[in-house]
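# Inside the fold
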Amino acid sequence: QLAVKYVIETPNAVSIKMTPWFNFRDHHDTISAVALDYQAVYDEQHQLLSVTAKDKTVFMKAETSQNAAFQYIPDVYDTPICHYPIETQRGYPDEESHVVLGHFVFDLPSGVSEISFLVNLSPEFDTAEHIFEGRKNRYAQLMKLAKADELDPSHSPSDPYRRLVQ
């Protein structure tokens, strides 16, 4: 699971449109996104967006503080071509487009609001706070292992991570 949190402070109530881009490319594919190849389904009851291209599906949902209202507005189009010079050096295709399948519109009250986007390969989600707390705990555990290894010269620098993943 992946979660990204935005903290927004505004003196007045505002409406914000956020537009996620999708592309199922990895470094072993030479796929560039084409809007017609993607299917987006928004389940309003569960506030869950599923995006499918060929045999791959990803799920996205949004969480807001203060129960800020939001809606998903479908709007399908290809983005302009993105160029990645580093990919040329690596010997991979260096241009791709992304697909926009809609927008999330948030009506936020004045003051501080939080918007979190959660992405997963299954429709089951933890809350954003649970994901962030798990990450913090994992990093704290890793730092504790790394600190212990500083005192033991027989361990390699990757030992703490290796032990954490086991």
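Here's a quick rundown of the structure.

The rules behind these values
- Residues numbered from 1 in each chain as written.
- Predicted model: local features only at pLDDT ≥ 70, side-chain atom pairs only at ≥ 80, totals over all residues.
- Heavy atoms only, no water.
- Helix = DSSP H or I, 4+ residues; strand = E, 2+ residues; numbered from the N terminus.
- Buried < 20%, exposed > 50% of the residue type's maximum accessible area, 1.4 Å probe, protein only.
- Contact = heavy atoms within 4.5 Å.
- Areas by Shrake-Rupley, 256 points an atom, 1.4 Å probe, with all protein chains shown as cover.
- Phe/Tyr/Trp six-rings, centres within 6.5 Å; stacked < 30°, edge-to-face > 60°.
- Salt bridge = Lys/Arg side-chain N within 4 Å of Asp/Glu carboxyl O.
- Core = buried A, V, L, I, M, F, W, Y, C linked by side-chain atoms within 4.5 Å.
- Pairing = 2+ DSSP bridges.
- Axes fitted to C-alpha atoms, helices over the stretch in contact; angles between N-to-C directions.
- Patch = residues over 30% accessible without salt bridge, like charges linked within 9 Å, V, L, I, M, F, W, Y side chains within 5 Å.

### Quick notes on the overall build of the chain
When its secondary structure is counted, the chain shows 3 helices and 11 strands. With 166 residues in all, the chain has 32% of them scored as buried. For the chain, the proportion of contacts with a sequence separation of at least 24, taken over those separated by at least 6, is 67%. For the chain, the exposed surface amounts to about 10,800 Å²; the carbon and sulfur share of it is 54%.

### Brief notes about the packing of aromatic side chains
Tallied over the entire structure, the rule returns 5 aromatic pairs. On the numbers, 6.3 Å between centres and 75° between planes, the contact of Tyr42 with Phe104 is edge-to-face. You can see Tyr42 sitting in strand β4 (residues 38–43) and its partner Phe104 sitting in strand β10 (residues 99–108), a full 62 residues away along the chain. Residue classification places Phe104 among the buried residues on the basis of a relative accessible area of 0%. Taken together, Tyr6, Tyr42, Phe104, Phe106 and Phe117 form an aromatic cluster joined through their ring pairs.

### Remarks on the pattern of salt bridges
In the structure shown here, the tally under the stated rule is 4 salt bridges. Glu114 is the partner of Lys5 in a salt bridge, and the nearest nitrogen-oxygen pair spans 3.8 Å. With Lys5 in strand β1 (residues 2–10) and Glu114 in strand β11 (residues 111–120), this residue pair connects regions lying 109 residues apart in the sequence. Looking at Glu114, the relative accessible area reads 29%, which means it is partly exposed. With its nearest N and O atoms 3.0 Å apart, the salt bridge here joins Arg90 to Glu87.

### Thoughts on the nonpolar core
If you look at the biggest cluster of nonpolar residues, it comprises 18 residues, and the most contacted ones within it are Phe22, Phe104, Phe106 and Phe117. Elements supplying a minimum of two residues to this core: β5 (48–53), β6 (56–64), β10 and β11.

### Comments concerning the sheet that holds β6
Spatial strand order, β1-β11-β6-β5-β4: 5 strands in an open sheet with antiparallel pairing. A single partner strand is all that each edge strand has here, and the edge strands are β1 and β4. Within this sheet the neighbouring strands show an average axis-to-axis angle of 15°, counted without direction. Of the pairings in the sheet, the one linking β6 to β11 comprises 6 bridges and is antiparallel in character. The partner of Thr64 across the bridge, within β11, is Ile115.

### Examining a nonpolar patch on the surface
Taken together, the side chains of Leu2, Val4 and Tyr6 make up a nonpolar region of the molecular surface, amounting to roughly 260 Å² of accessible area. Within the fold, Val4 resides in strand β1.

### Describing the environment of Lys61
Following the sequence through the fold, Lys61 ends up in strand β6. Given the relative accessible area of 22%, Lys61 is considered partly exposed. Linking Lys61 and Leu49, residues 12 residues apart in sequence, is a C-alpha distance of 6.1 Å. Once you skip the residues sitting within four places of it in the chain, Lys61 turns out to touch His46, Gln47, Leu48, Ser116, Phe117, Leu118 and Phe125.

### Points about the environment of Phe117
Structurally, Phe117 can be placed in strand β11. In this view, Phe117 contacts Leu2, Ala3, Val4, Tyr6, Met18, Met60, Lys61, Ala62, Phe104 and Phe106; residues no more than four positions away in its chain are not counted.

### What to know about the side chain of His103
The residue His103 is located in strand β10 in this model. Classification of His103 as buried rests on a relative accessible area of 6%.

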